[in-house]
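Architecture and fold: a report
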Amino acid sequence: MIVVIGASSFIGTYLVDELVAQRREVFATGHSNVNHEYYAKRQIPYAQVDISQQQALERLPKQNVEAVVVMASMMPNNDKLCAPQPYVDVNITGTLNVLEYCRINKVPKIVYGHSHKDVAGLWNCGRPITEEDGPSIVYSADHAVYTISKIAAVSLVEHYRQAHGVIGISFRFAAVYGFGPHTEFYAGGKVRIPKSTVFIRNAIAGNPIEIWGDPTRGQDIVYVKDVVGAIIGAIDSDKAHGLYNITSGVKTTLDEEVKGIIKVFSPPGHPSEIRYRPERPSMPCTYVYDISKAKRDFSYQVRYPFMRMLQDIKLEMEARRFSHLINREKKP
């Protein structure tokens, strides 16, 4: 059995779906009941669990657990106030509670979802960032405590590997794309819409799309289905342990992103016009990651390069798969 903590999240929902498709036994948990009806209809065991409360983990199975996957986290995108205490409670204390559950119940393996904000100070370094780099924290950032809490959690995972024999695997995620994530998010206390969502909406409508600043700046973008493949690959591997970059390993420039979105989403015969605005501020960060370690240890593969990813996202949108995730992302 695989326990997925954070199964009501974007990545968690896709992960549970794939595990079930592979006929694996799954126990799903979430802090909220947003996915309760979805899982109930599919007869997938689901419990509402707040990992910051140790007693809540009593709801988890205690026998025959092959691995625990932790996608639960206090996220800056969902935090309007930037108060530091919830990051400590969920990301540090919550992770410690899960690790204790693994130790006590002899769960052999844990996969932990990490943030690439731990190396934000290297984002514009002009070379692929490796697992040996960092941490390089931007301490002045609005959500610095979030980053600090995630680094502490990864250290706890490694401590339990070395001290207690729980095989700990931490995945550093960068820009994870897919149908459902963060259609709205908080930044600086205000509700924002991600640039990719704006681009796709304009492309579907055939409206012009503006590219601000330097169009050659870009990000390492990975598809949620490749992330899910990496998690399952690490669970099945007898070599995986420690920290891994789980990205595409390729920088997609802003120009490439917009042109790809127009090609896939614009109406036939009516492509959106690109309007370059070099006088406007450029994308503030650009980065790419080295993924050779994941390829070596558990044969990680990027099955969805950028254009194939966009085509699959369009199919997911048309099928309205996991559409309940979209409604959940609306911010007050």
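An account of the accompanying structure is given in this report. Small disclaimer: the values here were computed from a predicted structure and weren't measured.

1. Some words on helix α6 (residues 224-236)
An α-helical segment advances 3.6 residues per turn. Residues three or four places apart therefore align on the same side. Helix length check: α6, at 13 residues, gives a terminal C-alpha distance of 19 Å against a target of 18 Å (1.5 Å per residue), a fit within 8%. With ten of its 13 residues buried, α6 lies for the most part within the structure.

2. What to know about the environment of Glu256
Note on placement: Glu256 falls in helix α7 (residues 254-265). Accessibility expressed as a relative area gives 44% for Glu256, which makes it partly exposed. Glu256 sits 29 residues away from Val227 along the chain, and the two C-alpha atoms are 22 Å apart. When residues no more than four places from it in sequence are discounted, the contact partners of Glu256 are Lys251 and Phe306. In this structure the side chain of Glu256 is engaged in a polar contact, spanning 2.9 Å, whose partner is the backbone nitrogen of Thr253.

3. Section: the nonpolar core
In this structure, Ile11, Phe171, Ile231, Ile246, Phe298 and Met309 are the most contacted members of the largest nonpolar core, which totals 71 residues. If one sorts the elements of this core by residue count, α6 sits on top with eight residues. Residues within four places of Met309 in sequence aside, it is in contact with Tyr177, Ile221, Val222, Tyr223 and Tyr304. Counting residues in hydrophobic clusters, the runner-up holds 31 residues, among them Met1, Val3, Tyr146 and Leu156.

4. Notes on the pairing of strand β11 (residues 218-223)
Among the six residues in β11, six count as buried, and that is most of the element. Taken together, the three bridges between β11 and strand β13 (residues 251-253) define a ladder with antiparallel strand orientation. Bridge pairing in β13 places Gln219 opposite Thr252.

5. Focus: the pattern of salt bridges
The tally for this structure, following the rule as stated, stands at 18 salt bridges. For Lys225, the salt bridge goes to Glu316, with nearest N and O atoms at 3.9 Å. Of the two residues, Lys225 sits in helix α6 while Glu316 sits in helix α9 (residues 306-319), which places them 91 residues apart along the sequence. Given a relative accessible area of 16%, Lys225 falls into the buried group. Residue Arg277 pairs with Glu279 through a salt bridge whose shortest N-O separation is 2.5 Å. When its relative accessible area of 53% is taken as the criterion, Glu279 is described as exposed. Here the salt bridges do not stand alone but share partners, grouping Asp17, Arg42, Lys225, Asp312, Glu316 and Arg321 into one network.

6. Things to note about the sheet that holds β11
Strand order across the open sheet formed by three strands is β7-β11-β13, with mixed pairing between neighbours. Since the sheet does not close on itself, it has two edges, and those belong to β7 (175-177) and β13, each with one partner. On average, adjacent strands in this sheet sit at an angle of 55° to one another, irrespective of strand direction. Packing of α6 onto the sheet brings it into contact with β7 and β11, and relative to β11 it is tilted by some 65°. Against the sheet, α7 contacts β7, β11 and β13, and its axis sits at roughly 70° relative to β13.

7. Digging into the packing of aromatic side chains
Tallied over the entire structure, the rule returns eleven aromatic pairs. Relative to Phe173, the ring of Phe171 has its centre 6.2 Å away and its plane inclined at 70°; by these criteria the two rings are edge-to-face. Summarising the burial analysis for this pair, Phe171 and Phe173 share the class buried. With 6.2 Å between their ring centres and 85° between their planes, Phe171 and Tyr244 make a pair best called edge-to-face. A residue pair is termed long-range when its members are at least 10 positions apart, and Phe171 in strand β6 (residues 167-173) and Tyr244 in strand β12 (residues 242-246) qualify at 73 residues. In this structure an aromatic cluster arises from ring pairing among Phe171, Phe173, Tyr244 and Phe298. Above the face of the Trp212 ring, Arg280 is positioned so that its terminal group lies 3.8 Å from the ring centre.

8. So, the packing of α7 against α9
It is at 10 Å that the axes of α7 and α9 come closest, and there the two elements cross at 45°. Here α7 is positioned oblique relative to α9, judged by the angle of their axes. Our pair here, α7 against α9, has a crossing hand that is right-handed. Taken together, the residues of α9 that come into contact with α7 (itself represented by Glu256, Glu257, Gly260, Ile261, Lys263, Val264 and Phe265) are Phe306, Met307, Leu310, Gln311, Ile313, Lys314 and Met317. Its residues placed into classes, the contact of α7 with α9 shows eight nonpolar, two polar and four charged.

Each value, and the rule that gives it
- Residues numbered from 1 in each chain as written.
- Predicted model: local features only at pLDDT ≥ 70, side-chain atom pairs only at ≥ 80, totals over all residues.
- Heavy atoms only, no water.
- Helix = DSSP H or I, 4+ residues; strand = E, 2+ residues; numbered from the N terminus.
- Expected span 1.5 Å × (residues − 1).
- Buried < 20%, exposed > 50% of the residue type's maximum accessible area, 1.4 Å probe, protein only.
- Contact = heavy atoms within 4.5 Å.
- Polar contact = N/O pair within 3.5 Å; in protein donor to acceptor, adjacent residues only side chain to side chain.
- Core = buried A, V, L, I, M, F, W, Y, C linked by side-chain atoms within 4.5 Å.
- Pairing = 2+ DSSP bridges.
- Salt bridge = Lys/Arg side-chain N within 4 Å of Asp/Glu carboxyl O.
- Axes fitted to C-alpha atoms, helices over the stretch in contact; angles between N-to-C directions.
- Phe/Tyr/Trp six-rings, centres within 6.5 Å; stacked < 30°, edge-to-face > 60°.
- Lys NZ or Arg CZ within 6 Å of the ring centre and 35° of its normal.
- Parallel < 35°, antiparallel > 145°, perpendicular 65-115°, else oblique.
- Left-handed = near helix turned anticlockwise from the far one by under 90°.
- Nonpolar A, V, L, I, M, F, W, Y, C, P; charged D, E, K, R; others polar.

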